[in-house]
Amino acid sequence: HSALRTAREVCGSKHARVALAHNSIGNFHFCHGNFPLAKESYVTALNIYKSLVGPDHVFVAITLGNIGTLYWRLGDFEKAESDLEESLRIHRLCVDGTDDNAEVAAALHNLGIVRFLMKNYEGAMDVLARAHKARRNLFGGDNLDVSRSIDALGSVYLMLGDEVKAMTCHREALRVKHVLLGHCHPSLVATMMNIAKVYRMQGDLARAVLGYEEAFEMQKTIYPEWDRLEDVGVTIHTVGFTYMLKKDYRKAMDAFEQTATIYTAAGLSCDDKRVVALNESKSKIKLIVTRV
């Protein structure tokens, strides 16, 4: 806000420095979950950039990417896809149509994630494969962005029914992350969860539950003060769900009760989709036990 005030005083209200300050404020609000304020700042930045440099400038593309990611987090995937597609178009226009550019590769990756969430798996595969190829061309094999792309590809392969390719992708992503991040990092947890999910889809529930529990233990190490409680809760809920598939209903219910305690501590409301999913899981267990 101080930078914004200074930019306005020195340059006036319609200047690139003012737009940059709005974008930075938007990023701050986004990272802290204040999405309405983030949107307000991003839209202000976008309007200033368009008035200064026109609609097909890299600054416009970056800001549209921010807005698209915001809609993604809000669950409005159609608006997210639209803004991310336009961001990608402008980024590619600015670099003569190539994918081998860091900003273009990032835009491809983000668009792929949104299409995956929309269950458009073929569309997601198209852009994620391009993102992965571009990042490998730019950064080589052992790079964090490359590992994220191949991890995302693994999730798409799993949804398309190719469990072997999915496992290969996730294991390669985990290998790279171990090289770059060590053996205890939130990004490792995400990939470990993906590998456990492949085991679960393959019907290997013993390995799946071990993988989920290992991820849970790593989260407790990463967040010793029980920060990011929602993420920890999702993991232990998944542990319980896998125990339920194994028909070990006592361990499943223990995990669900632990999840409920975590969600309460996190302050999640009763209509939060994670709480709703948990209550549905608990109801299923109670129904099964009653029938037995």
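About the criteria used
Residues numbered from 1 in each chain as written. Predicted model: local features only at pLDDT ≥ 70, side-chain atom pairs only at ≥ 80, totals over all residues. Heavy atoms only, no water. Helix = DSSP H or I, 4+ residues; strand = E, 2+ residues; numbered from the N terminus. Buried < 20%, exposed > 50% of the residue type's maximum accessible area, 1.4 Å probe, protein only. Contact = heavy atoms within 4.5 Å. Areas by Shrake-Rupley, 256 points an atom, 1.4 Å probe, with all protein chains shown as cover. Lys, Arg positive; Asp, Glu negative; His and termini not counted. Charge placed at Lys NZ, Arg CZ, Asp CG, Glu CD. Salt bridge = Lys/Arg side-chain N within 4 Å of Asp/Glu carboxyl O. Phe/Tyr/Trp six-rings, centres within 6.5 Å; stacked < 30°, edge-to-face > 60°.

Enquirer: Tell me what's going on with the overall build of the protein chain, and back it up with residues and numbers.
Expert: Across its full length, the protein chain carries 14 helices and zero strands. Put simply, the protein chain runs from its N terminus to its C terminus through helices and strands in the order α-α-α-α-α-α-α-α-α-α-α-α-α-α. Over its C-alpha atoms, taken along the principal directions, the protein chain stretches across nearly 70 × 40 × 35 Å. Relative to its full complement of 292 residues, the protein chain shows a buried share of 44%. Pairs at least 24 apart in sequence give 55% of the contacts found in the protein chain among residues at least 6 apart. Counting every atom, the protein chain has about 14900 Å² of accessible surface; 53% of that belongs to carbon and sulfur. Placing the 36 positive and 35 negative side-chain charges of the protein chain at their respective mean positions leaves the two points 2 Å apart.

Enquirer: I'd like to hear about the pattern of salt bridges, residue by residue, with values.
Expert: Under the counting rule described, the total for this entry stands at 16 salt bridges. Across the pair E86 and R89 runs a salt bridge, and its minimum N-O distance is 2.8 Å. Here E86 pairs with R89, and both are found in helix α5 (residues 77-94), just three residues apart, close to one helical turn. D99 serves as the salt-bridge partner of R130, at 2.9 Å between the closest nitrogen and oxygen. One end of the pair, R130, is in helix α7 (residues 121-139); the other, D99, is in the loop between α5 and α6 (102-117), with 31 residues separating them in the sequence. By relative accessible area, which is 26% here, R130 ends up partly exposed.

Enquirer: Kindly report on the packing of aromatic side chains, identifying the contributing residues and their values.
Expert: Both the distance between ring centres and the angle between the ring planes are used here to describe each pair of aromatic rings. What the rule picks out here adds up to three aromatic pairs. An angle of 55° between the planes, with centres 5.6 Å apart, marks the rings of F30 and F35 as tilted. Owing to a relative accessible area of 16%, F30 belongs among the buried residues under this scheme. Residue classification places F35 among the buried positions, given a relative accessible area of 15%. Taking 5.1 Å as the distance between ring centres and 45° as the angle between the ring planes, the aromatic pair formed by Y49 and F59 counts as tilted. Of this pair, Y49 sits in helix α3 (residues 35-53) while F59 sits in helix α4 (residues 58-74); the two residues are 10 residues apart in sequence, bridging distant segments of the chain. Assessed through its relative accessible area of 4%, Y49 is described here as buried. Exposure remark for F59: the relative accessible area of 35% places this residue in the partly exposed category.

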